[in-house]
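Given next are the chains, with one letter for each unit.
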Amino acid sequence: MRWLTLYARSRRLPASLAALVLCPLVIRILAGADWSVLFASLALGAAVAVAATGLSGQDVDLDRTAAFGWFPRRLVHLVLVGVVAVGVLLLVRASAVPAPVILRDGLGLVGLAGLAAFAFGGQFGWTLPLLWLVLALFAPAEPVGLFRVLAWPLQPSDVAVSWWVAGGLFVVGAGLYSAVGARR
């Protein structure tokens, strides 16, 4: 067997891909005419969360003993999760949700998934993206100060703080996960 086949099996990629595609589609259908940035962020968060459970294999020690570098493979895996999630959401979005918001949220949520896999293990890669989205729901409608940082997924695309937070989360999360891998 080739390493790509083994990698796909160990990361449960077929099931993750199916769930990654279905989450935005189902949430978009259920939201109907009420489709908004809130539902788009939740759909993206759910898609990233279900795919993030495959960020580690069944045996982390076996992954660490491989004769090839994991950094590019981990980075490509994480980026592909974001590309597919954002791509599906862009296909099903309505004009109520601007594309830059979806792109920004995809960057930040994928970074949070990588950070969660690094800190808690691949099976818990879903925790930080969903936790941050839930906390953002409780931020005031017009956030100021630290609430702007907390509510970055629900902000309009012209809010610079939201882009800085999402970009920072992506760089830190993707960097740590790609360089070190998932926690044991």
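Look above for the structure.
Fair warning: this is a prediction, and the values are worked out from it, not measured in the lab.

1. Some thoughts on the overall build of the chain
For step 1, the next point in the chain: A tally of helices and strands in the chain yields nine helices and zero strands.
For step 2, the next point in the chain: Secondary structure elements in the chain, listed N-terminal to C-terminal, are α-α-α-α-α-α-α-α-α.
For step 3, the next point in the chain: A buried classification covers 43% of the 184 residues belonging to the chain.
For step 4, the next point in the chain: Counted over contacts in the chain with a minimum sequence separation of 6, partners at least 24 positions apart contribute 72%.

2. Some words on helix α3 (residues 37–52)
For step 1, the next point in the chain: Look at α3: 22 Å from first C-alpha to last across 16 residues, which is about the 22 Å you get at 1.5 Å a residue.
For step 2, the next point in the chain: With 12 of 16 residues buried, α3 is to be regarded as a mostly interior element.
For step 3, the next point in the chain: Looking at the buried side of α3, the elements it contacts are α2 (13–31), α5 (71–92), α6 (99–120) and α7 (127–137).

3. Things to note about the packing of aromatic side chains
For step 1, the next point in the chain: Throughout the structure, instances matching the rule amount to one aromatic pair.
For step 2, the next point in the chain: Seen in terms of ring centroids, Trp132 and Trp152 are 6.2 Å apart; in terms of plane orientation they differ by 65°. Their pairing is edge-to-face. Note that Trp132 is positioned in helix α7 and Trp152 in the loop between α8 (146–150) and α9 (160–180), a separation of 20 residues in sequence.
For step 3, the next point in the chain: A relative accessible area of 0% means that Trp152 is categorised as buried.

4. Points about the nonpolar core
For step 1, the next point in the chain: Formed by 36 residues in total, the largest nonpolar core has its most connected members in Trp35, Leu55, Leu89, Leu109 and Trp152.
For step 2, the next point in the chain: With residues up to four places along the chain from it excluded, the contact list for Trp152 reads Arg104, Asp105, Gly108, Leu109, Leu112, Trp132, Ser162, Val165, Ala166 and Leu169.

Calculation rules
Residues numbered from 1 in each chain as written. Predicted model: local features only at pLDDT ≥ 70, side-chain atom pairs only at ≥ 80, totals over all residues. Heavy atoms only, no water. Helix = DSSP H or I, 4+ residues; strand = E, 2+ residues; numbered from the N terminus. Buried < 20%, exposed > 50% of the residue type's maximum accessible area, 1.4 Å probe, protein only. Contact = heavy atoms within 4.5 Å. Expected span 1.5 Å × (residues − 1). Phe/Tyr/Trp six-rings, centres within 6.5 Å; stacked < 30°, edge-to-face > 60°. Core = buried A, V, L, I, M, F, W, Y, C linked by side-chain atoms within 4.5 Å.

Coordinates in, geometry out; function isn't part of it.
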